[in-house]
Each structure stands twice: as C-alpha cells, then as structure tokens.
Amino acid sequence: MTSAIEDKLKGNWNIAKGKLKQQWGDLTDDDLDYQEGKEDELVGRIQRKTGESKEKINNFLDSLKF
C-alpha cells in the first residue's frame, strides 16, 4: 500500500514541486529531484534545507489539492 505522499508525488510532481518552492523559497530543482521509491530521502533533503520537521513537510504535502 502506498502512502498519500507517494501517490501525490508520482501523479502530480511538477505541481507539488512548484508549491514546495512557494512555501519554502530556498528550495531548488536539485533539492527537489524526485526519484521513485526515495520519498523519505526527498523529505530529508527538504528538512535539511528548510529546518522544518518531517511531520510538517508531510502535512504540507498531504494538504496539497490537485
């Protein structure tokens, strides 16, 4: 079973990437390089760059409306 973040990342990554950059302006395309199966690594990169908690990042991604 896939999580909500995995489904959103797979189906709507370009939209999600734009919204992440709007939320946290320091993020770059390199920070948001998505590779299937490495969702936790991506969230870790966002955490490292923004200082936000994993929970807050996941909640933000879960709140995105596509």
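This text follows the structure it describes.
Here we summarise the structure given alongside this text. Predicted model only: the values in this text are computed from it and were never measured.

This next bit is on the packing of aromatic side chains. The tally for this structure, following the rule as stated, stands at one aromatic pair. On the basis of an interplanar angle of 65 degrees and a centroid distance of 5.2 Å, the ring pair of Trp24 and Phe60 is categorised as edge-to-face. Of the two residues, Trp24 sits in the loop between α1 (4-23) and α2 (39-50) while Phe60 sits in helix α3 (residues 54-63), which places them 36 residues apart along the sequence.

Next up on the list: the packing of α2 against α3. At a minimum axis separation of 9 Å, α2 and α3 run at an interaxial angle of 115 degrees. Put simply, α2 runs roughly perpendicular to α3. Relative to α3, the crossing made by α2 is right-handed. Mapping the contact onto sequence places Asp40, Val43, Ile46, Gln47 and Thr50 in α2 and Lys54, Ile57 and Asn58 in α3. Tallied by class, the residues present in the contact of α2 with α3 amount to three nonpolar, three polar and two charged.

This next bit is on α3. By the burial criterion, the buried members of α3 are Ile57, Asn58, Phe60 and Leu61. Taken down its axis, α3 places every buried residue within 155 degrees of arc, on the same side.

Further remarks concern the nonpolar core. Of all hydrophobic cores here, the largest spans 15 residues; its most connected members are Trp13, Leu20, Trp24, Leu32 and Ile46. Every element with two or more residues in this core is listed here: α1, α2 and α3. Ranked by residue count, the leading element in this core is α1, at four residues.

Let us now look at the pattern of salt bridges. What the rule picks out here adds up to five salt bridges. Note that Asp29 is salt-bridged to Lys21, the shortest N-O span being 2.4 Å. A relative accessible area of 29% means that Lys21 is categorised as partly exposed. Note that Lys54 is salt-bridged to Asp40, the shortest N-O span being 3.8 Å. Here Lys54, found in helix α3, pairs with Asp40, found in helix α2; they are 14 residues apart in sequence, far enough to count as distant. A residue is classified by how much of its surface remains accessible, and Lys54, at 39% relative accessible area, is partly exposed.

Cut-off values and rules
Residues numbered from 1 in each chain as written. Predicted model: local features only at pLDDT ≥ 70, side-chain atom pairs only at ≥ 80, totals over all residues. Heavy atoms only, no water. Phe/Tyr/Trp six-rings, centres within 6.5 Å; stacked < 30°, edge-to-face > 60°. Helix = DSSP H or I, 4+ residues; strand = E, 2+ residues; numbered from the N terminus. Axes fitted to C-alpha atoms, helices over the stretch in contact; angles between N-to-C directions. Parallel < 35°, antiparallel > 145°, perpendicular 65-115°, else oblique. Left-handed = near helix turned anticlockwise from the far one by under 90°. Contact = heavy atoms within 4.5 Å. Nonpolar A, V, L, I, M, F, W, Y, C, P; charged D, E, K, R; others polar. Buried < 20%, exposed > 50% of the residue type's maximum accessible area, 1.4 Å probe, protein only. Arc of directions from axis to C-beta. Core = buried A, V, L, I, M, F, W, Y, C linked by side-chain atoms within 4.5 Å. Salt bridge = Lys/Arg side-chain N within 4 Å of Asp/Glu carboxyl O.

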